[in-house]
Protein chains: 2
Amino acid sequence: MTITIKDVAKLANVAPSTVSRVIANNPRISKATAQKVKKAMEQLGYHPNLNARNLASQSTQTIGLVMPSSGDVVFQNPFFPTVLQGISEGAHEKQYAMHITTGKTDKEILDAVTRMVQGKSVDGVILLNSKVEDQVISYLKGREFPFVLIGKPYKDVEEITHVDNDNFRAMKEATEYLIQHGHSQIAFIGGSLELTVTVERLLGFERALRNAKIPLKNEYIIHEEFLREGGQEAVRELMSLEERPTALVVADDFMALGVLNMLDELGIKVPEDISIVSFNNVLLAEMSKPPLTSVDINIFDLGYQASKSLIQMIENSKEPTKRIIIAHKLVERLSCAEPIK
Amino acid sequence: MTITIKDVAKLANVAPSTVSRVIANNPRISKATAQKVKKAMEQLGYHPNLNARNLASQSTQTIGLVMPSSGDVVFQNPFFPTVLQGISEGAHEKQYAMHITTGKTDKEILDAVTRMVQGKSVDGVILLNSKVEDQVISYLKGREFPFVLIGKPYKDVEEITHVDNDNFRAMKEATEYLIQHGHSQIAFIGGSLELTVTVERLLGFERALRNAKIPLKNEYIIHEEFLREGGQEAVRELMSLEERPTALVVADDFMALGVLNMLDELGIKVPEDISIVSFNNVLLAEMSKPPLTSVDINIFDLGYQASKSLIQMIENSKEPTKRIIIAHKLVERLSCAEPIK
DNA sequence: TTGTACGCGTTATCAT
DNA sequence: ATGATAACGCGTACAA
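Chain A goes by LacI family DNA-binding transcriptional regulator in an unreviewed UniProt entry, where it is assigned to Bacillus salipaludis.

J.: Quick rundown of the overall build of chain A? Include the residues and the values.
T.: The helix and strand inventory of chain A stands at twelve helices and twelve strands. Taking 341 residues into account, the globule formula puts the C-alpha radius of gyration at 20 Å, and chain A, at 26 Å, lies well above it. Total accessible area computed for chain A in this model is approximately 15300 Å², and 49% of it derives from carbon and sulfur atoms. The averaged location of the 43 negative side-chain charges in chain A is 12 Å from the averaged location of its 38 positive side-chain charges.

J.: Provide a residue-level description of the protein's contact with DNA strand D, including the pertinent values.
T.: Lining the immediate environment of DNA strand D, one finds 25 residues, of which T18 and R21 of chain A together with I5, S20 and Y46 of chain B sit closest. For DNA strand D, the backbone makes up 62% of the atoms found within 4 Å of the protein, where backbone means sugar plus phosphate. Here T2 of chain B contributes a side-chain N or O atom positioned 3.1 Å from a phosphate oxygen of DNA strand D. Broken down by secondary-structure element, the contributors of at least two residues to the surface near DNA strand D are helix 2 (16-23) and helix 4 (50-57) of chain A together with helix 2 (16-23) and helix 4 (50-57) of chain B. For the surface near DNA strand D, the per-class residue count stands at ten nonpolar, eleven polar and four charged.

J.: I'd like a rundown of the protein's contact with DNA strand C, residues and numbers included.
T.: Around DNA strand C sit 27 residues in total, of which I5, S20 and Y46 of chain A together with T18 and R21 of chain B are the nearest. Sugar and phosphate atoms constitute 64% of the interface atoms of DNA strand C, taking the interface as everything within 4 Å of the protein. T2 of chain A is positioned with one of its side-chain polar atoms (N or O) 3.1 Å from a phosphate oxygen of DNA strand C. With respect to DNA strand C, the side chain of T33 of chain B contributes an N or O atom lying 2.8 Å from a phosphate oxygen. With four residues, the single largest contributor to the surface near DNA strand C is helix 4 of chain A. Its residues placed into classes, the surface near DNA strand C shows ten nonpolar, 13 polar and four charged.

J.: Tell me about the layout of surface pockets, residues and numbers included.
T.: Approximately 1200 Å³ is the volume found for the second largest pocket. In terms of lining, the second largest pocket is formed by 44 residues, of which the most central are N261, D264 and K289 of chain A together with N261 and K289 of chain B.

J.: Lay out the sheet that holds strand 1 (residues 62-66) of chain A with the relevant residues and their values.
T.: Strands sit in the order 11(A)-5(A)-4(A)-3(A)-1(A)-2(A)-2(B)-1(B)-3(B)-4(B)-5(B)-11(B) across an open sheet of twelve strands; the sheet is mixed. What marks the edges here is a single partner per strand, and that holds for strand 11 (323-326) of chain A together with strand 11 (323-326) of chain B. On average, each strand axis in the sheet is inclined to that of its neighbour by 25°, with strand direction left out of account. Summarising the sheet, strand 3 (residues 124-127) of chain A and strand 4 (residues 147-150) of chain A pair through three bridges and their orientation is parallel. The residue bridging L127 of chain A from the neighbouring strand is L149 of chain A, located in strand 4 of chain A. The sheet strands contacting helix 6 (residues 106-118) of chain A are strand 1, strand 2 (97-101) and strand 3 of chain A, and the helix crosses strand 1 of chain A at an angle near 175°.

J.: Before we move on, can you summarise helix 2 of chain A with the specific residues and values?
T.: An α-helix turns once every 3.6 residues. As a result, residues three or four positions apart point the same way. Residues and elements named next belong to chain A. All of the buried residues along helix 2 are T18, V19 and V22. Relative to the axis of helix 2, the buried residues are bounded by an arc of 100° and lie together on one face. Against the buried residues of helix 2 lie helix 1 (5-12) and helix 3 (31-44). Positive backbone phi, at 60°, marks N25, one or two positions downstream of helix 2.

J.: Residue-level account of the pattern of salt bridges, with values.
T.: All names here are of chain A. Counting across every chain of the model gives 22 salt bridges over all chains. In this structure, K141 engages D156 in a salt bridge whose closest nitrogen and oxygen atoms are separated by 2.7 Å. Separated by 15 residues along the polypeptide, K141 in helix 7 (residues 135-143) and D156 in the loop between strand 4 and strand 5 (162-165) bring together distant segments of the chain. On the basis of relative accessible area, K141 is assigned to the partly exposed category, the value being 29%. With its nearest N and O atoms 2.6 Å apart, the salt bridge here joins E173 to R169. Linking E173 with R169, this pair stays in helix 8 (residues 167-180), spanning four residues, or about one helical turn. Accessibility expressed as a relative area gives 32% for E173, which makes it partly exposed.

J.: Kindly report on the packing of helix 5 (residues 79-93) of chain B against helix 13 (residues 299-316) of chain B, identifying the contributing residues and their values.
T.: Residue and element names in this part refer to chain B. The contact between helix 5 and helix 13 brings their axes to 7 Å, and the two run at 35°. In this structure, helix 5 meets helix 13 at a crossing whose hand is right-handed. Two secondary-structure elements touch here, helix 5 through F79, T82, V83, Q85, G86, I87, E89, G90, A91 and E93 and helix 13 through I299, F300, L302, G303, Y304, S307, K308 and I311.

J.: Now, about the side chain of S88 of chain A: what can you tell me, with residues and values included?
T.: By the element assignment, S88 of chain A lies in helix 5 (residues 79-93). S88 of chain A gets classed as buried once you look at its relative accessible area, which sits at 7%. Sequence-distant contacts of S88 of chain A, defined by excluding residues within four places in its chain, comprise M98 of chain A together with T102 of chain B.

J.: Could you give an account of the packing of aromatic side chains, with specific residues and numbers?
T.: Residues and elements named next belong to chain B. This model, assessed by the stated rule, comprises six aromatic pairs over all chains. Summarising the aromatic geometry, the rings of F300 and Y304 are spaced 6.3 Å apart at their centres and angled 15° between planes, so their arrangement reads as stacked. With F300 and Y304 both in helix 13 and four residues apart, this pair spans about one turn of that helix.

J.: Report on unusual backbone geometry, specifying residues and quantitative values.
T.: Here the residue pair V270 of chain A and P271 of chain A is connected by a cis peptide bond, since its omega of 5° sits within 30 degrees of zero. Tracing the backbone shows P271 of chain A in the loop between helix 11 (253-265) and strand 9 (275-280). Across the junction of K289 of chain A and P290 of chain A, the peptide omega takes the value -10°, indicating a cis bond. Of note, N280 of chain A is a non-glycine position whose phi angle comes to about 100°, a positive value. Backbone geometry at D156 of chain B places phi at a positive 55°, although glycine is not the residue there.

J.: Quick rundown of the interface of chain B and chain A? Include the residues and the values.
T.: Contact with chain B, which involves 50 residues of that partner, is made by 50 residues of chain A. In this assembly, chain B and chain A are joined by four salt bridges. D264 of chain B is paired through a salt bridge with K289 of chain A; the nearest N and O atoms lie 4.0 Å apart. Counting across the interface, chain B meets chain A through 16 residue pairs in polar contact (both at pLDDT 80 or more). Tallying contributions element by element places helix 5 of chain B first for the side of chain B that touches chain A, with seven residues. Of the residues that constitute the side of chain B that touches chain A, the class distribution is 19 nonpolar, 22 polar and nine charged.

Cut-offs used in this document
Residues numbered from 1 in each chain as written. Chains lettered and ligands numbered in written order. Predicted model: local features only at pLDDT ≥ 70, side-chain atom pairs only at ≥ 80, totals over all residues. Heavy atoms only, no water. Helix = DSSP H or I, 4+ residues; strand = E, 2+ residues; numbered from the N terminus. Rg over C-alpha atoms; globule rule 2.2 N^0.38 Å. Areas by Shrake-Rupley, 256 points an atom, 1.4 Å probe, with all protein chains shown as cover. Lys, Arg positive; Asp, Glu negative; His and termini not counted. Charge placed at Lys NZ, Arg CZ, Asp CG, Glu CD. Near = heavy atom within 4 Å. Polar contact = N/O pair within 3.5 Å; in protein donor to acceptor, adjacent residues only side chain to side chain. Nonpolar A, V, L, I, M, F, W, Y, C, P; charged D, E, K, R; others polar. 1 Å grid on protein atoms, 1.4 Å probe; cavity = no way out; pocket = protein on both sides within 12 Å on 5 of 7 lines; lining within 4 Å. Points joined across faces, edges and corners; volume = space filled by probe spheres on them. Pairing = 2+ DSSP bridges. Axes fitted to C-alpha atoms, helices over the stretch in contact; angles between N-to-C directions. Contact = heavy atoms within 4.5 Å. Buried < 20%, exposed > 50% of the residue type's maximum accessible area, 1.4 Å probe, protein only. Arc of directions from axis to C-beta. Salt bridge = Lys/Arg side-chain N within 4 Å of Asp/Glu carboxyl O. Left-handed = near helix turned anticlockwise from the far one by under 90°. Phe/Tyr/Trp six-rings, centres within 6.5 Å; stacked < 30°, edge-to-face > 60°.

Following this line, the structure appears as structure tokens:
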């Protein structure tokens, strides 16, 4: 009942193969027949069967997306819709479709990836969750299957194509910004050290302090889950220190929102009593009280470049630049001020 | 070079069709050969080619997801990651994969849907954006292609399978909650009237007031884009009314955050000077200042039920219940209090 | 219970 | 420039 290439061929009085060529925009086909065929396709409302095409051509025009375990709280982060937009845009430009996988456990995820890779459902994969000892990465590398990682790989940095920010520099600059505004008691609030972002940013933080000859204090460094309660306690402790920080760098806007609340509860005013610079610059940053000075890491572009590179890998089968760095930019709002003497 | 069903057959000393049967768990196959074949598959690391399977069986085990135009600000709403989780879970349980489409314009979206439907890439579709005069819906209905809508259709409510909240009742209850707490000057802040949710909620709001014999005031009803600036102005106007409201119902947590800020700027305290009930109960609601009393609409379940129903439609080809209502629940936090006399 | 043979809708390789 | 024809890898009706 579905109309195939043969029906079109019959109507246009040509061979099926000719129709196929017209679809593929094969150059050596006469204008005349091309028109004739196109008209027939139009008339019949023909649409190619993608499964048949994929089977014959040994390639789908599809990229696979691997999301983090859906259990993760990170999932709630506006980060994801935004990268997705970027990826989608890059894919769309090259007429690629998107296949998406999630899973509650790491095993589920690996299984899903295996199915879609071996099942030949996709030509390449984008990973949104760079974890320590990532099985998916090992698997993909082992099969030499095209993939790009958003974020920084925990190892084999030289071999894995990835798109990332220069988190070291971004955090260094953010810290320097505070130093330039007269702060010297600056604390760091970041997520789990298992995430490479956290490590990079912490290093950038430390470097900035060292450059400015400001001594590092362990009590000024806090690691908590990006979201939720854990952080609250930590902030409370931090603020009850004898020598309380006058400024905070926070690794994520969402987290900063939590910090903001805690501070409010403690009766500490931002930016009067304490300054805050946070990261990501999602919509939230401009809606908080006060609006957050935040480092824009260009989430959309992270996704966009990822899909561009992946498609390039797939099509040219020549590796693109292994490492793609997306620019960042400090967006000043109202959460910073000079420290009180 | 890829290993096929034939390789497995050869190794197991059976016919390809036998292998196929084993994969399909065909009952009439001897335990013995089943084991033999499975072992061979294991040994060779066999994975079925999904394209070939789809082509032969005329069915993919895949559901399509249609996201709203990526240009929309709504996209930033944590709503989406969460429905996606729900959908994914439902799909996973039945071993379905997910194909996702976005687009910047309505036309792009329609094209993408057409390609994936006619291209036989999916067995059914879930729509995440019920718009007025939705072309995608018309298209899908026209082809009698299985689909379910998350939200309420703008028309043909009886014919379109959809999963939704009882937004009328939810808002009615939220309003009654405020009335019970002694409020009678209650304002409504909602999104565009083109969204059926808004309409439903507005009606629920009005009904609650009418039931309580509280006169409706036009100045107390505001429609603005769910997010961003538009709302700010509106709130300012609202609060400068001679008879200022003592309570607000807001259609979305994100929006409520903006309202909260505006109120703060105006020096109006929540909940002392004004109470707020908002909707959706995303993570944000518990992180704002003060934490928001919000109606939990069970976003995850919205997605979960949607995929369950869709798969049922696909497999039984008998229509499931046309209308599936997900329960809601008011979650009390700290944004409400008795009005000051 | 198992094997044979054909079809699913395209693309690609040869011819012409 | 176009037409036959053989894959692509799997499901399935029919036969055995």
